[in-house]
Number of protein chains: 2
Amino acid sequence: MMSILKFRCSEFIYLTQSEKKMRGFSIFSKGSRLFNDYPSSSKFLVLFAVSTGGMVAFSEQQPGIGTKTIEAEKLENKKKRLVILGTGWAGISFMKDLDPSLYDVKVVSPRNYFTFTPLLPSVTCGTVEARSIVEPIRNIMRKSTGEFEFCEAECFKIDAANKKILCRTTFESSLVPQREFMLEYDYLIIAVGAQVNTFNTPGVVEHCHFLKEVEDAQKIRRTVIDCFEQASLPGLTKLYPSIQDLVKVTVIQSGDHILNTFDERICDFAEKKFSRDGIDVLTGCRVMSVSDDSIIMKVKSTGEVCSVPHGMVVWSTGVGTRPVTRDLMEQIGQSNRRILATNEWLRVKGCNDVFALGDCATVDQRKVVDDIGAIFEAADTDKSGTLTVKEFQDVVEDILVRYPQVELYLKSHHMQDVTDLLKDPEGNEREEVDIEGFKLALSHVDSQMKSLPATAQVAAQQGAYLAKCFNRMRDCTESPEGPRRFKGSGRHQFRPFRYKHLGQFAPLGGEQAAAELPGDWVSIGHSTQWLWYSVYASKQVSWRTRLLVVADWSRRFVFGRDSSRI
Amino acid sequence: MMSILKFRCSEFIYLTQSEKKMRGFSIFSKGSRLFNDYPSSSKFLVLFAVSTGGMVAFSEQQPGIGTKTIEAEKLENKKKRLVILGTGWAGISFMKDLDPSLYDVKVVSPRNYFTFTPLLPSVTCGTVEARSIVEPIRNIMRKSTGEFEFCEAECFKIDAANKKILCRTTFESSLVPQREFMLEYDYLIIAVGAQVNTFNTPGVVEHCHFLKEVEDAQKIRRTVIDCFEQASLPGLTKLYPSIQDLVKVTVIQSGDHILNTFDERICDFAEKKFSRDGIDVLTGCRVMSVSDDSIIMKVKSTGEVCSVPHGMVVWSTGVGTRPVTRDLMEQIGQSNRRILATNEWLRVKGCNDVFALGDCATVDQRKVVDDIGAIFEAADTDKSGTLTVKEFQDVVEDILVRYPQVELYLKSHHMQDVTDLLKDPEGNEREEVDIEGFKLALSHVDSQMKSLPATAQVAAQQGAYLAKCFNRMRDCTESPEGPRRFKGSGRHQFRPFRYKHLGQFAPLGGEQAAAELPGDWVSIGHSTQWLWYSVYASKQVSWRTRLLVVADWSRRFVFGRDSSRI
């Protein structure tokens, strides 16, 4: 080892205390320098271009960011300071769509990479490598026109009153000293995500695995292999014809069905398939406590308490609020809420210039009922005290934009036209309605309101939406594009966020998957697995991860999975 | 996350306490089952065969090992029990060449994979992924005809007197219970390797990185990235035009030259290149202590003590004896030695049926001087008290086999014929020599003895040699093939181990390398780097790792290195 290491010492980067004042880009530049400096390298590149898609690679090869000139510094100081917390789905999709030249942007996250979370389960079983589903933040930043500044740290305190945040470094290695620092902001984007919710179930923290971070997935993978290795130690009788019978997967679900966010055709298929695969699905069971070798749970229907032995448990239910978010909620009078609330423009309620998106917050949709008087008044232009169909039609557009539940209500009640709302209880056309009739007509609309699921899809759409708002902040201040304000005058600056559900996948193992597509389409089976492969490959944030993931899949098919416990 | 996890729960393996009695192969079988069960999979395979070398893949696809039948058990109980400690270069090359059908083989190692150590430095800088340079032991075992049994555990006590070892599991996850067990052996192969030697330098253990295991390499990689991230935190002035100038690599060497095991042309080139690259090479400096931010060292020549600040230190000097080996040495009366000694047949001295190879032991070559009397006696067939050239020639062959230093001596003194040894001091032929003359003639031969370096090459050759001995144990007991015994009668069972140096590489960074090839050839530069690539690719233990390593190299060329801290 000694000699080998000496050979390669030129590959170790060595930083002296006084010399740690640089940015972390050189670690990238090496690769591209090789391109230019050495003809042999470029030959090598072409040689492999065929097999690794060198062509697409070039689209990735863009110049790294130089360090700022003093002028640039001055210029940027005039810009509004925008601080982004978190580099998950929400944070990244915001970063990707934001025009960074408009703001002085700082990104703070304990992880210097983005994780493609839908593939985390594949990492636990070695189908895909951890490194294949992560993309360095600095790679993503390099591709943007302007300049971001990234700080690998965790924000542990948001001081909303003084518009500043406190951060702490989270360097894993004890050999790198930790430090704290403060950042001021004009706009703050909170995209820190959620943490696992144990519902205070005893033993969960001590004895369960979670699956939020790459490290979790790697830990699960190692533990599975540990279980196998332990099982193959001497002193255990080996009388079983096959080990397949010895591996047992059990799913415990407190609801009546698994995949309950899916179409029931998919639930049924999944439950049937799992039982064929010998996977026990225990529905309607609430876990009461977890010990090192068993789970105590209560069967809701009978109320009986039973125990299930285990070798390993993965806890994956519910999202909880992070301490930093909880602390902010107490500052701004949301302490009675379960999760941070924003308005329909993703602005945190009771807090100026702070926005929250992704799993850490929820959009608190305004009820029509609360504004019904104001809507009537605004619509009743001639102040006659009654609303004609004509008058109603004038405000309908704004109502539909401002209150999405109205459209959902129309759809669920198969109404072609909004004016159908004004029909009387018997369903006859009416020339006009008074305030009482109007209230009655819209009274059930709010029943259609539902909060958005805590999914990557929602987070990504919110990030893209908010980025567009920030890009057009100035224009929209002069000419607002949102719906009219029923309370007060004028229009809202932006259209509110509207979630567009693009469907969802449910990989079921054994090369089968289920897909729920827009328009109530459902597809199940092997072919769907191929759809799954292609969609997830295309959704990758970079060509690099795309190629790596596809390579991993194909490697798995050719060589099977790798059981090395690293 | 919740739903995603549920989708994939069929991929989590769940073991109940009572059901942990199986072997760990199924984790492999999955992949190949996919092959057979699903037409779509095999299509997929072919689809990617082109890009990932599916053809060679098939050579890897061999049936897993079924569990033993009772008959097989009985049969094996008649076999001698062979226990192998360690799965490094020595252990693996022994396993690969051993015919396991001849013995009841158990392999004990804390790691269930083999690491291609020469590429560890590449892992530290992200040129190659950790997973690409490891091969699961069970994959290697599957390829062998007979059956091995693998135990993921660490041997912490060798009871040589009672021919048994004590082992302890080393499961990383606290969720899997640890246990101890005992194994009995007829033959024991010690290939546990060495541990880092800190020479008791204060602070080294606390503040230095090592580079023996994959985990070390990953830790170094993360720390390097931590250093960069820390350097890019706010509050540090950023006035430097380029960060290249800020990264400093320093090599501290107590000897007068780096790469001192190499041809001096390579030393010179390397030292010149490093100084061009801005790498400080401090030779003739002994490190006295290491603190969290500086190294205290003494310049041997002047005796002055100076301090070098650091952000990260990699300690890579010397090999030390592991506790279990040290403990054995005390049992068998080798406690005064620095490192475990074996004879020329790799059999541990003072200990029956125990063999040691690789970095954990050294071959204690017998001196000619110690046997000179016996040699003379054996050669002097007519007991005349003098040795004729004819008589000498009869034993020369055996001498050359038994004492390799003789051949080296002849070579270094440019003697064509062994009988030249018998010439008188003036260099005249002699008809015969008496014992004194004979002693004189061979007195300097032993000066040519040198101990073997602690390299992968030596370990691998020793493993292969010992495997062949074990495969032919029975034959060679009946008809010994070794040289004649000068003390005692008859012949040695086997020819002693003879190391064949195949040359060595010194990658120098910047796509340059130096190679020292047999026959005193030296090659330096970019072309040598390509030689390095091809040799290291070809030396991989499996097609899987071969493809992964090449893919990593090409990915590095196309996308540069990945700075994600995972």
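Residues numbered from 1 in each chain as written. Chains lettered and ligands numbered in written order. Predicted model: local features only at pLDDT ≥ 70, side-chain atom pairs only at ≥ 80, totals over all residues. Heavy atoms only, no water.

Enquirer: How do you make sense of the overall build of chain A when you look at a structure like this?
Expert: Looking only at helices and strands, one finds 20 helices and 23 strands in chain A. Within the span of chain A, comprising 566 residues, buried residues form 56% of the whole. If you take every contact in chain A between residues at least 6 apart in sequence, the share linking residues at least 24 apart comes to 60%. Entry remark: accessible area of chain A is about 24,000 Å², with carbon and sulfur atoms responsible for 54%. (Helix = DSSP H or I, 4+ residues; strand = E, 2+ residues; numbered from the N terminus. Buried < 20%, exposed > 50% of the residue type's maximum accessible area, 1.4 Å probe, protein only. Contact = heavy atoms within 4.5 Å. Areas by Shrake-Rupley, 256 points an atom, 1.4 Å probe, with all protein chains shown as cover.)

Enquirer: In this structure, what is going on with the environment of A:P453? I would like to understand it.
Expert: All names here are of chain A. Inspection of the secondary structure assignment puts P453 in the loop between α16 (435-442) and α17 (456-471). Overall, the relative accessible area of 39% leaves P453 in the partly exposed class. For P453 and D359, which are 94 residues apart along the polypeptide, the C-alpha to C-alpha distance reads 8.5 Å.

Enquirer: I'm lost on the sheet that holds strand β22 (residues 512-517) of chain A in this one. Help?
Expert: Strand pairing in a sheet relies on backbone hydrogen bonds. The paired strands run either parallel or antiparallel. All names here are of chain A. If you walk across this open sheet you meet the 3 strands as β21-β22-β23, and the pairing is antiparallel. Single-partner strands in this sheet number two, and they are β21 (504-509) and β23 (521-525). With direction set aside, neighbouring strand axes in the sheet form an average angle of 10 degrees. Across 5 bridges, β21 lies against β22 in antiparallel orientation. Across the sheet, residue A506 finds its bridge partner in β22, namely A514. Relative to the sheet, helix α19 (residues 526-538) contacts β21, β22 and β23, its axis offset from that of β22 by approximately 70 degrees. (Pairing = 2+ DSSP bridges. Axes fitted to C-alpha atoms, helices over the stretch in contact; angles between N-to-C directions.)

Enquirer: Can you help me understand the confidence of the model for chain A in this one?
Expert: Residues shown with low pLDDT carry predicted positions that ought not to be read at fine detail. Residues and elements named next belong to chain A. Taken over all residues, the pLDDT of chain A has a mean of 81, while the share at 70 or more is 84%. Contacts of residues 1-68 to residues separated by more than four positions or lying in other chains number 183 contacts, the stretch itself having pLDDT below 50. When the criterion is pLDDT under 50, residues 237-242 qualifies, and its contacts beyond four places in sequence or with other chains add up to 9 contacts. (pLDDT = per-residue confidence, 0-100.)

Enquirer: What's the story with helix α15 (residues 404-412) of chain B in this structure? I'm lost.
Expert: Residue and element names in this part refer to chain B. Turning to α15, its buried residues number three or more, namely P404, Q405, V406, Y409 and L410. Those residues of α15 hidden inside the fold are in contact with α13 (368-379) and α14 (389-402). Phi for H414, located one or two positions after α15, is positive at around 50 degrees.

Enquirer: How should the state of the cysteines be read in this particular structure?
Expert: Scanning the entire structure with this criterion turns up 0 disulfides over all chains. Free of any disulfide, A:C476 has its nearest neighbouring cysteine sulfur in A:C469, separated by 7.4 Å. No disulfide involves B:C151; its sulfur sits 6.9 Å from that of B:C167, the nearest cysteine. (Disulfide = S-S within 2.5 Å.)

Enquirer: Help me understand the pattern of salt bridges, please; the structure alone is not making it clear to me.
Expert: When their charged atoms lie close together, side chains carrying opposite charge are able to pair. Tallied over the full model, the rule gives 58 salt bridges over all chains. Note that B:E229 is salt-bridged to A:R138, the shortest N-O span being 2.5 Å. A residue pair is termed interchain when its members come from two chains, as with B:E229 in helix α10 (residues 214-231) and A:R138 in helix α8 (residues 137-143). Given a relative accessible area of 3%, A:R138 falls into the buried group. (Salt bridge = Lys/Arg side-chain N within 4 Å of Asp/Glu carboxyl O.)

Enquirer: How should the pairing of strand β11 (residues 280-283) of chain B be read in this particular structure?
Expert: Moving residue by residue along a regular strand, the side chains alternate between the two faces of the sheet. Residue and element names in this part refer to chain B. Examined bridge by bridge, strand β10 (residues 250-253) and β11 share 4 bridges and lie parallel to one another. In the sheet register, I252 faces β11, and the bridge partner there is L282. For the crossover from β10 across helix α11 (residues 264-276) to β11, the handedness is right-handed. (Right-handed = clockwise from strand over helix to strand, strands pointing away.)

Enquirer: Explain unusual backbone geometry to me, please; I cannot follow it from the model alone.
Expert: If a residue is not glycine, its phi is most likely negative; likewise, a peptide bond is most likely trans. Residue and element names in this part refer to chain A. The phi dihedral of N200 is positive, around 55 degrees, even though this residue is not glycine. Positionally, N200 belongs in the loop between β9 (195-196) and α9 (204-207). Despite not being glycine, L259 has its phi angle at roughly 50 degrees, a positive value. With respect to the element layout, L259 can be found in the loop between β10 (250-253) and α11 (264-276). In this structure L259 comes out as buried when scored by relative accessible area, which is 5%.

Enquirer: Honestly, the packing of helix α19 (residues 526-538) of chain B against helix α20 (residues 543-559) of chain B in this entry has me stumped. Any pointers?
Expert: To characterise two packed helices, one gives the angle between the axes of the helices and the distance between these axes. Residues and elements named next belong to chain B. Contact geometry of α19 with α20 gives a least axis separation of 8 Å together with a crossing angle of 150 degrees. By the criterion of interaxial angle, the relationship of α19 to α20 is roughly antiparallel. Judged by residue contacts, W530, W532, Y533, Y536, A537 and S538 of α19 engage R546, V550, W553, R556 and F557 from α20. Classifying every residue of the contact of α19 with α20 by side-chain character gives 8 nonpolar, 1 polar and 2 charged. (Parallel < 35°, antiparallel > 145°, perpendicular 65-115°, else oblique. Nonpolar A, V, L, I, M, F, W, Y, C, P; charged D, E, K, R; others polar.)

Enquirer: Just to check I follow, could you spell out helix α12 (residues 323-331) of chain B for this structure?
Expert: An α-helical turn contains 3.6 residues, so a residue and the one three or four places further along point in the same direction. Residue and element names in this part refer to chain B. For α12, the set of buried residues is V324, T325, L328 and M329. Down the axis, α12 shows its buried residues gathered within 140 degrees of arc, on one side only. Its buried side turned inward, α12 meets β5 (148-159), β8 (187-190) and β16 (340-342). One or two residues past the end of α12 sits G333, with phi positive at roughly 75 degrees. (Arc of directions from axis to C-beta.)

Enquirer: What exactly am I supposed to notice about the UniProt feature "domain: EF-hand" (unreviewed entry) in chain A here?
Expert: UniProt's entry tags residues 367-402 of chain A with the feature "domain: EF-hand" (unreviewed entry), counted in the numbering of this structure. Its end C-alpha atoms 10 Å apart, residues 367-402 of chain A is made of 72% helix and 8% strand. (UniProt positions renumbered as here; feature names shortened; annotations may be inferred.)

Enquirer: Explain the pairing of strand β23 (residues 521-525) of chain B here, please?
Expert: Residue and element names in this part refer to chain B. The pairing of strand β22 (residues 512-517) with β23 spans 5 bridges and is antiparallel. When the sheet's bridge partners are listed, A514 is paired in β23 with I524. The antiparallel pairing of β22 with β23 creates a hairpin that spans 3 residues between the two strands, and G519 there sits at a positive phi of about 80 degrees.

Enquirer: Would you mind going over a negative patch on the surface with me for this structure?
Expert: Where like charges cluster on the molecular surface, the negative patch consists of A:D382, A:D417, A:E429, A:E431, A:E432, A:D434 and A:E436. Positionally, A:E431 belongs in the loop between α15 (404-412) and β20 (432-434). (Patch = residues over 30% accessible without salt bridge, like charges linked within 9 Å, V, L, I, M, F, W, Y side chains within 5 Å. Lys, Arg positive; Asp, Glu negative; His and termini not counted. Charge placed at Lys NZ, Arg CZ, Asp CG, Glu CD.)

Enquirer: How should the environment of A:R565 be read in this particular structure?
Expert: Within the fold, A:R565 resides in the segment after α20 (543-559). Counting along the chain gives 346 residues from A:R565 to A:K219, while the straight-line C-alpha distance between them is 9.6 Å. Setting aside chain neighbours within four positions, we find A:R565 in contact with A:R222, A:I225, A:D226, B:P110, B:N112, B:Y113, B:E152, B:T170, B:F171 and B:E172.

Enquirer: Would you explain the packing of aromatic side chains in this entry?
Expert: Given two aromatic rings, their pairing is described by the distance between the two centres and the angle made by the two planes. What the rule picks out here adds up to 40 aromatic pairs over all chains. When the ring of A:F116 is compared with that of A:Y536, the centres are 5.8 Å apart and the planes differ by 80 degrees; the resulting orientation is edge-to-face. Within this pair, whereas A:F116 is found in the loop between β3 (113-115) and α7 (120-124), its partner A:Y536 is found in helix α19, the two being separated by 420 residues in sequence. No difference in accessibility class separates A:F116 from A:Y536, as the two residues are buried. Site record: aromatic cluster; members linked through ring pairs are A:W89, A:F114, A:F116, A:F505, A:W530, A:W532, A:Y533, A:Y536, A:W553 and A:F557. Positioned above the aromatic ring of B:F557, the side-chain terminus of B:R556 is 5.0 Å from the ring centre. (Phe/Tyr/Trp six-rings, centres within 6.5 Å; stacked < 30°, edge-to-face > 60°. Lys NZ or Arg CZ within 6 Å of the ring centre and 35° of its normal.)

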